[in-house]
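Descriptive analysis of the structure
Residue-level listing of the chains:
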Amino acid sequence: MDNSYIALLPLVSSVPIIILGVFAYLKNRKSTLNILFFLFSLAIFTWLIGSYGLFTSCDNYSRAIFWDRFVYSSVVFLSAIGFHITSVFSGKQRKQTLLITGLYAVSLIFFVANWQGGLIDGIFLYKWGCHGVAKSLHSVFLLYFGLGCVLLFRNLFNYYKTTESKTEKAQAKYMFVSLFVLAILGSTAFLPAYRIVIYPLGYLAGVLSAVILAYAVFKHHLFDIRVISTEVFSFLILTVLFVDIFLYRNAEEFIFKLVIFLGIAVFSRYLIKSALKEMKDKERIENLALSLEKANAGLRKIDETKSEFVSTASHQLRTPLSIMKGFLSMLLEESYGEIGGKQRQALEKTYETNERLIHLVNELLDVSRIEKNKVQLFFSYCNFTETAKSVFDEFIVVAKNKGIMLSFEKLDEDIYVYCDAEKIREVIQNLIDNAIKYTDSGGVIMNLEKIESEGIAVLRIIDTGIGIKEEGLDNLFKMFYRDKGAQKIMTSGSGLGLYIARKIAQANNGSLVAESAGEGLGSTFTLRIPLGQKEKQEIPAEE
Ligand code: ADP
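Residues numbered from 1 in each chain as written. Predicted model: local features only at pLDDT ≥ 70, side-chain atom pairs only at ≥ 80, totals over all residues. Heavy atoms only, no water.

1. Some details on the nonpolar core
With 66 residues, the main nonpolar core has Phe40, Trp47, Phe141, Met175 and Phe223 as its most contacted residues. The leading source of residues in this core is helix 3 (residues 61-89), at 13 residues. For Met175, the residues in contact, after removing those within four places along its chain, are Ile85, Phe89, Leu156, Leu213, Leu222 and Phe223. (Core = buried A, V, L, I, M, F, W, Y, C linked by side-chain atoms within 4.5 Å. Buried < 20%, exposed > 50% of the residue type's maximum accessible area, 1.4 Å probe, protein only. Helix = DSSP H or I, 4+ residues; strand = E, 2+ residues; numbered from the N terminus. Contact = heavy atoms within 4.5 Å.)

2. Some details on the state of the cysteines
With the rule as written, the count across this model stands at 1 disulfide. With no disulfide partner, Cys419 has as its closest neighbouring cysteine sulfur the one in Cys382, 3.4 Å distant. (Disulfide = S-S within 2.5 Å.)

3. Looking at the site of the ligand
Taken together, the neighbourhood of the ligand is formed by 22 residues, with Asn434, Tyr438, Arg482, Asp483 and Leu498 sitting nearest. Contacts to the ligand include Lys437, whose side-chain N or O atom sits 3.2 Å from an oxygen atom. One nitrogen or oxygen atom from the side chain of Asp463 is found 2.9 Å from a nitrogen atom belonging to the ligand. Bound to the protein, the ligand loses 98% of the 540 Å² it would expose on its own. Counting only elements with at least two residues in the shell around the ligand, the list comes to helix 12 (421-437), helix 15 (497-507) and strand 9 (523-530). (Near = heavy atom within 4 Å. Polar contact = N/O pair within 3.5 Å; in protein donor to acceptor, adjacent residues only side chain to side chain. Areas by Shrake-Rupley, 256 points an atom, 1.4 Å probe, with all protein chains shown as cover.)

4. What to know about the sheet that holds strand 7 (residues 456-463)
Taking strand neighbours across the sheet as the criterion, the 5 strands line up as 4-6-7-9-8 in an open arrangement whose pairing is mixed. Taken across any chain shown, the strands that pair with only one partner, and hence form the sheet edges, are strand 4 (405-409) and strand 8 (511-516). Each adjacent strand pair in this sheet contributes to an overall mean axis angle of 15°, direction not counted. With 5 bridges connecting them, strand 4 and strand 6 (residues 443-451) associate as parallel partners. Among the inter-strand pairings, Phe408 is bridged to a residue of strand 6, identified as Met446. Each of strand 4, strand 6, strand 7 and strand 9 touches helix 11 (residues 384-402); the most contacted strand, strand 4, lies at about 170° to it. Sheet contacts for helix 12: strand 4, strand 6, strand 7, strand 8 and strand 9; angle to strand 9, the most-contacted strand, approximately 170°. (Pairing = 2+ DSSP bridges. Axes fitted to C-alpha atoms, helices over the stretch in contact; angles between N-to-C directions.)

5. Some points on the packing of helix 4 (residues 97-115) against helix 5 (residues 136-162)
Where helix 4 contacts helix 5, the axes come no closer than 11 Å and their chain directions differ by 155°. With respect to helix 5, the axis of helix 4 lies roughly antiparallel. Between helix 4 and helix 5 the crossing geometry is left-handed. Only Leu137, Val140, Phe141, Tyr144 and Leu151 of helix 5 make contact with helix 4, whose side of the interface consists of Leu99, Leu103, Val106, Ser107, Phe110 and Ala113. Of the residues in the contact of helix 4 with helix 5, the class split is 10 nonpolar, 1 polar and no charged. (Parallel < 35°, antiparallel > 145°, perpendicular 65-115°, else oblique. Left-handed = near helix turned anticlockwise from the far one by under 90°. Nonpolar A, V, L, I, M, F, W, Y, C, P; charged D, E, K, R; others polar.)

6. Observations concerning a nonpolar patch on the surface
Residues Val15, Ile19, Phe218, Val232, Phe233, Phe235, Leu236, Ile237, Phe256, Ile260 and Ile264 make up a contiguous nonpolar surface patch of about 980 Å² in total accessible area. If one sorts the elements of the nonpolar patch by residue count, helix 8 (residues 229-245) sits on top with 5 residues. By the secondary structure assignment, Ile264 is in helix 9 (residues 251-332). What makes Ile264 partly exposed here is its relative accessible area of 31%. (Patch = residues over 30% accessible without salt bridge, like charges linked within 9 Å, V, L, I, M, F, W, Y side chains within 5 Å. Salt bridge = Lys/Arg side-chain N within 4 Å of Asp/Glu carboxyl O.)

These figures come from the coordinates and say nothing about function on their own.
Below, the structure is given as structure tokens:
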């Protein structure tokens, strides 16, 4: 009987699995999973090498018995290590500690029993090889082996079902298939122990499961290994070159081939290193982008909640403030009877404060509408000169009381613009209010002109007030910004007025900019709005 080619089956089969095991270990020596997989591949390697020893010793009883016991000394641990791997892989290691320990302990008992001749005794020769004959304990061992397999497949199946990650699902799937092939195909190698003759195909299980696992490593980063094509190609080239070294015809050729091999090995190492670095950089950037995206989404959510809160709170505040305003007005108009001088003073202060609160609440509502892009505009062709003049008139008394000059420079003809007149009115109000607020001496000039060639009306509000520092000019239109100088003059401002004003100017297809020569040198605010035509005035307002 010529066993020589059959004996090669386990020998060939042992190579890929041990390469994969060593590779996984070298890639991450600290990972329990990789270490376990290395031990597992070592056990399979021992099984297959031992089988080679057995197949080549069939004609020598004691050698054959030795090799078969050698085979079993690793096989007894297979299901325990396999279960341990799936336990770590599925994150159940802690919960299953007792089970893992129990399986190892039983494996150890079988290990000892095996060397004492408890598992096999005698050699059964058959057509393709030989095998030790099973003793009664062998069947108990098979039961235990089967139980270990059932437990490990249960782990993988449950993990496959529960994990949400696609990659982890794929990893579990390939691990399941690979171990299943190994268990089913590999188990046929037990049959000759019961004198059942079968072609020793079971020994190819090592190759098959290694190929499936290698695919999972390559494609789905099983064992957390990112294999790069550079590594695989370098490995193949180096293997071919290595084999080629030994096909030399003379010493010179041997040295030449060896030098080439070493040169390519060094070059491959460098290539793999840079490819790995590039891959890691790419991964890091991808991860960063992912976490940034998540953080952004979180921030957006918080921002939305904040806007919602501000908007709801402002709405709730508006009604009681309006009611207070109504009653205060009636009190001041003496609708509820006469009021004395001191009472009037107190009531007027309350009225003023209430007005400021209403103003603030309205500003907050405007801001939340702007942020939610929900500003409703009612466009029409309107008389810009008239709007500006009416605001100007409102402030004549205020300026007079403060002792500063207020003037309005305009063209003889009225200027028409296309805008939401009510909103633009609020912008001008804010600008004049600020100009007067932040000017202690001198005055405020409102200048209105049009630049026909550009199709715009330009309203400038020029004051001789506290002016604006250069850094202030950059921040003026940001929400809640208030200059230190301004805070001293007016403690109660909100810093929202200019932010809203610019947004409204822009929504009206215009612009609002500020200029100042510096602190104490006055400021100029320029509002630009597109021109409209007088005759189009009758066009109905649109949203
Ligand atoms: P508030 O006036 O309530 O503080 P605004 O948004 O209207 O809020 O103005 C923001 C800041 O811009 C003010 O606090 C002030 O520092 C500055 N500012 C606005 N108008 C003028 C002006 N005419 N002169 C100098 N500084 C000004």
